[in-house]
Amino acid sequence: MKSQEILDDKPLRRGGKGFTLVELLIVVAFIVLFATAVIPSYSSLYTVGRVDESADEIIQSLRLARVRSISRVNNNWHGVYFSINPSGPDSYTLFQGNNASASYGNRISSFDLIYSVPSSIMISTTLPGNEIIFARSSGAPSLAASQSITLTHNSDDARVILLNTAGLIERQ
């Protein structure tokens, strides 16, 4: 009888502690459905973040060139040139001029700071010669009218940076 008592004390129970295979499959299916709904949203957020980050970096470079001109760093004018490359990633250069003439072509190249944008982002500008130069001391831009710089992602997400004749730089 003793062996019968041992068996009675620990009966086999169905639905005890633990999960059945069906319950686990339901949870896994729910996680997969949730992930398929969230991943496209995350991807879109990532794209927006990259375009915003690139726009902010360009704005900071433009402002830095203006401040350097106002501060008369190396007693020269400063500017930003946008290199638009249809077959590869675009870039822009923060440059310092020489006293001879204000243009990217007459810069002191040893002071160049070159920045690349991600290959999924394209730059277009309405700037004459794709460059903007800020006057020494005043920081006035070399613009006869307001201009813009547009950053467009492959997914058609775009940001526009506006520059006016007074030197105001802002993102639209």
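A.B. asks: So what exactly am I meant to see when it comes to the nonpolar core here?
C.D. replies: The nonpolar side chains of soluble globular proteins are, as a tendency, buried together. By size, the foremost hydrophobic cluster in this structure holds 22 residues, and its most contacted members are Ile 58, Leu 62, Phe 82, Ile 149 and Ile 161. Looking at this core, the elements that each hand over two or more residues are helix H2 (21-70), strand S1 (78-83), strand S2 (91-96), strand S4 (121-125), strand S5 (131-134), strand S6 (147-153) and strand S7 (158-163). It is H2 that provides the largest number of residues to this core, a total of six residues. Look past the residues within four positions of Ile 149 in its chain and what remains in contact with it is Ile 58, Leu 62, Phe 82, Ile 123, Ser 124, Thr 125, Leu 127, Arg 159, Val 160, Ile 161 and Leu 163.

A.B. asks: Can you walk me through unusual backbone geometry in this structure?
C.D. replies: Trans is the common state for peptide bonds, and a negative phi is the common state for residues other than glycine. In this structure, Asn 74 is a non-glycine residue whose phi angle is positive, near 55 degrees. Within the secondary structure, Asn 74 is located in the loop between H2 and S1. Given the relative accessible area of 45%, Asn 74 is considered partly exposed. Of note, the phi angle at Asp 156 is positive, near 70 degrees, even though the residue is not glycine. By the element assignment, Asp 156 lies in the loop between S6 and S7.

A.B. asks: Help me understand the sheet that holds S7 in this model?
C.D. replies: Backbone-to-backbone hydrogen bonds pair the strands of a sheet. The strands run either parallel or antiparallel. Ordered in space as S4-S6-S7-S8, the four strands form an open sheet in which the pairing is antiparallel. Each edge of the open sheet carries a strand with a single partner, namely S4 and strand S8 (169-171). Going from strand to strand, the sheet's axes swing by 20 degrees on average, the running direction of each strand aside. Note: S6 against S7, six bridges, orientation antiparallel. Within S7, the residue paired with Ile 149 across the bridge is Ile 161.

Cut-off values and rules
- Residues numbered from 1 in each chain as written.
- Predicted model: local features only at pLDDT ≥ 70, side-chain atom pairs only at ≥ 80, totals over all residues.
- Heavy atoms only, no water.
- Core = buried A, V, L, I, M, F, W, Y, C linked by side-chain atoms within 4.5 Å.
- Buried < 20%, exposed > 50% of the residue type's maximum accessible area, 1.4 Å probe, protein only.
- Helix = DSSP H or I, 4+ residues; strand = E, 2+ residues; numbered from the N terminus.
- Contact = heavy atoms within 4.5 Å.
- Pairing = 2+ DSSP bridges.
- Axes fitted to C-alpha atoms, helices over the stretch in contact; angles between N-to-C directions.

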